[in-house]
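Chain by chain, the residues:
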Amino acid sequence: VLTDVPDDARLTRENAFGPVVALYEYTTLDSALTAANDTNYGLGLSLWTDNPDTAEKVVDQSDTGMVWVNEPLQSIAACPWSVFKDSGVGVELGVSGIREYTYEKVVQQQFRGATGPRSWYFPYKR
């Protein structure tokens, strides 16, 4: 656990993989959000608060793929694992993750002799 880490330190600017956490102190929620969003990464954020309005503001204004409110980071197979910015591409897990492996094909056909109105031609007649 590290404190007094400078804003321009590598630990502040990059993803740290390992048993390390940096604690930062901010006087306002807006300054904390600005600092959290001022990075090329946006994997996830864990917020601890008793105020639902604060939670909603952080969820709405954070540049992250995931937000945990009053919970530590969790990975649940049914819940998408989403990323933002340089933290990765796409979504894993859940229905959204499965869609990453699908391909949607749109086919529009019209054959000679078709007499019914086409919905995208409405109200025009052929």
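Residues numbered from 1 in each chain as written. Predicted model: local features only at pLDDT ≥ 70, side-chain atom pairs only at ≥ 80, totals over all residues. Heavy atoms only, no water.

Caption draft 1: Geometry of the nonpolar core. If you look at the biggest cluster of nonpolar residues, it comprises five residues: Leu 33, Leu 45, Leu 47, Ala 55 and Val 58. Among the elements of the structure, strand 1 (44-47) and helix 3 (52-61) are those that each provide at least two residues to this core. Excluding residues that lie within four positions of it along the chain, Val 58 makes contacts with Leu 29, Leu 33, Leu 45 and Leu 47. (Core = buried A, V, L, I, M, F, W, Y, C linked by side-chain atoms within 4.5 Å. Buried < 20%, exposed > 50% of the residue type's maximum accessible area, 1.4 Å probe, protein only. Helix = DSSP H or I, 4+ residues; strand = E, 2+ residues; numbered from the N terminus. Contact = heavy atoms within 4.5 Å.)

Caption draft 2: How the structure looks around the pattern of salt bridges. Throughout the structure, instances matching the rule amount to two salt bridges. Across the pair Arg 10 and Glu 14 runs a salt bridge whose closest N-O atoms are separated by 3.2 Å. Of the residues examined, Arg 10 reaches a relative accessible area of 65% and is grouped as exposed. Taking the shortest distance from any N to any O, the salt bridge between Asp 30 and Lys 57 comes out at 2.7 Å. Residue Asp 30 is found in helix 2 (residues 29-37), and its partner Lys 57 is found in helix 3; the two are separated by 27 residues along the sequence. Asp 30 gets classed as partly exposed once you look at its relative accessible area, which sits at 42%. For Lys 57, a relative accessible area of 27% corresponds to the partly exposed category. (Salt bridge = Lys/Arg side-chain N within 4 Å of Asp/Glu carboxyl O.)

Caption draft 3: Looking closely at the pairing of strand 2 (residues 66-69). Of the two faces of strand 2, the one holding Met 66 and Trp 68 is buried and the one holding Val 67 and Val 69 is not buried anywhere. In this fold, strand 1 hands off to helix 3, which returns the chain to strand 2; that crossover is right-handed. (Right-handed = clockwise from strand over helix to strand, strands pointing away.)

Caption draft 4: Examining the side chain of Ser 62 more closely. Mapped onto the secondary structure, Ser 62 falls in the loop between helix 3 and strand 2. Assessed through its relative accessible area of 9%, Ser 62 is described here as buried. When neighbours within four sequence positions are excluded, Ser 62 is seen to be in contact with Leu 33, Asn 37, Leu 45 and Val 67.

Caption draft 5: How the structure looks around the packing of helix 2 against helix 3. Look at helix 2 against helix 3: their axes get within 11 Å of each other, and the N-to-C directions meet at 30 degrees. It follows from the interaxial angle that helix 2 and helix 3 lie roughly parallel. Both helix 2 and helix 3 take part in a crossing whose hand is right-handed. Counted together, Leu 29, Asp 30, Leu 33 and Asn 37 of helix 2 and Thr 54, Lys 57, Val 58 and Gln 61 of helix 3 form the full contact between these two elements. Considered class by class, the residues forming the contact of helix 2 with helix 3 number three nonpolar, three polar and two charged. (Axes fitted to C-alpha atoms, helices over the stretch in contact; angles between N-to-C directions. Parallel < 35°, antiparallel > 145°, perpendicular 65-115°, else oblique. Left-handed = near helix turned anticlockwise from the far one by under 90°. Nonpolar A, V, L, I, M, F, W, Y, C, P; charged D, E, K, R; others polar.)

Caption draft 6: Quick look at a nonpolar patch on the surface. A cluster of nonpolar residues, Val 1, Val 21 and Leu 23, forms a patch on the protein surface that exposes about 290 Å² of accessible area. Take Leu 23: it is sitting in the loop between helix 1 (10-13) and helix 2. A relative accessible area of 47% means that Leu 23 is categorised as partly exposed. (Patch = residues over 30% accessible without salt bridge, like charges linked within 9 Å, V, L, I, M, F, W, Y side chains within 5 Å. Areas by Shrake-Rupley, 256 points an atom, 1.4 Å probe, with all protein chains shown as cover.)

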